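Coordinate inspection notes
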Amino acid sequence: MARIIPLWNTSGMTGRADKTSDVYVRHNRITGKSHAVRLRNPWTEDMFTNAQITLNNRFGALNRGVATWYRRIKAPDASPEDKAVLEKLQRMLRRQDKYSIVRGLVVAKYATVNDALDTVTVTIGKYEAVIPVTFDARPLK
């Protein structure tokens, strides 16, 4: 992975130059870093092992639950407790430079999914939310 030092406006090029390009550029607005990445030898579905499929299913269910929870706490009719948690997470996000969005921070540090992939639990201090998830897991081989 190459690191890009922008010589012009920091909002320069992101994404792929065209649909056939295997190189894309990603700019993190929080950290200010840009990276150019080349996709080489992408995996196809038949190459995944059962352990990788299980991990992908868990990650998908976790992200779906966190996205549902995040939409709920950002809604205009959110409870005062949810609004307070959102403000706390936004302050935590500004104080660090590893994660660029609140959802990424929550997925990495504060959310867990059960083994049945039907509920996601978000725990931040004394705050706890249990979110039911409907997720179509990919079957194992």
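Details of the structure are given in the entry above.
These remarks concern the structure in this document. Computed from a predicted structure; not experimentally measured. Throughout this description, residue numbers start from 1 for each chain and increase along the sequence as written. Residue-level local features of this predicted model are given only where pLDDT is at least 70; pairs of side-chain atoms are given and counted only at 80 or more, and the full residue set underlies all totals for whole chains, interfaces and linings. Each side-chain value is derived from all of the structure's non-hydrogen atoms; neither hydrogens nor water enter the calculation.

**Considerations on the sheet that holds strand β7 (residues 127-132)**
- Here the rule is simple: two strands pair whenever DSSP picks up at least two bridges between them. Helix numbers and strand numbers start at the N terminus; a helix is a DSSP run of H or I with at least 4 residues, a strand a run of E with at least 2. Pairing is antiparallel across the open sheet formed by three strands, whose spatial order is β5-β6-β7. Strand pairing shows two members of the sheet lacking a second neighbour, β5 (111-113) and β7, which therefore form its edges. Pairwise comparison of adjacent strand axes, ignoring direction, gives a mean angle of 20 degrees for this sheet.
- Sheet analysis places β5 next to strand β6 (residues 119-124), joined by three bridges and oriented antiparallel. For Ala111, the partnering residue across the bridge sits in β6 and is Val122.
- Two residues form a contact once any of their heavy atoms are found within 4.5 Å. Axis definition: a line fitted to C-alpha atoms, over the contacting stretch in the case of helices. Angles run 0 to 180 degrees between N-to-C directions. Relative to the sheet, helix α1 (residues 50-74) contacts β5, β6 and β7, its axis offset from that of β7 by approximately 115 degrees.

**Comments concerning the environment of Val23**
- Relative to the assigned elements, Val23 resides in strand β3 (residues 23-27).
- Sequence-wise, Val23 and Val133 are 110 residues apart; in three dimensions their C-alpha atoms are separated by 35 Å.
- If we skip the residues at most four places from it in the chain, Val23 touches Gly15, Arg16, Ala17, Val37 and Arg38.

**Quick notes on the pattern of salt bridges**
- A pairing counts as a salt bridge when a side-chain nitrogen of Lys or Arg comes within 4 Å of a carboxyl oxygen of Asp or Glu. Evaluated as defined, the whole model comprises three salt bridges.
- Between Arg38 and Asp22 there is a salt bridge whose closest N-O contact spans 2.9 Å. Taken together, the residues Arg38 in strand β4 (residues 34-38) and Asp22 in the loop between β2 (15-16) and β3 connect sequence positions 16 residues apart.
- Each residue's exposure class comes from its accessible area (1.4 Å probe, protein chains only) as a fraction of the maximum for that residue type: buried when under 20%, exposed when over 50%, partly exposed otherwise. Taking relative accessible area as the criterion, Asp22 reaches 29% and is therefore assigned partly exposed.
- For the salt bridge of Arg72 with Asp82, the shortest nitrogen-to-oxygen distance reads 3.7 Å.

It is worth stressing that arrangement in space is one thing and function is another; only the former is reported here.
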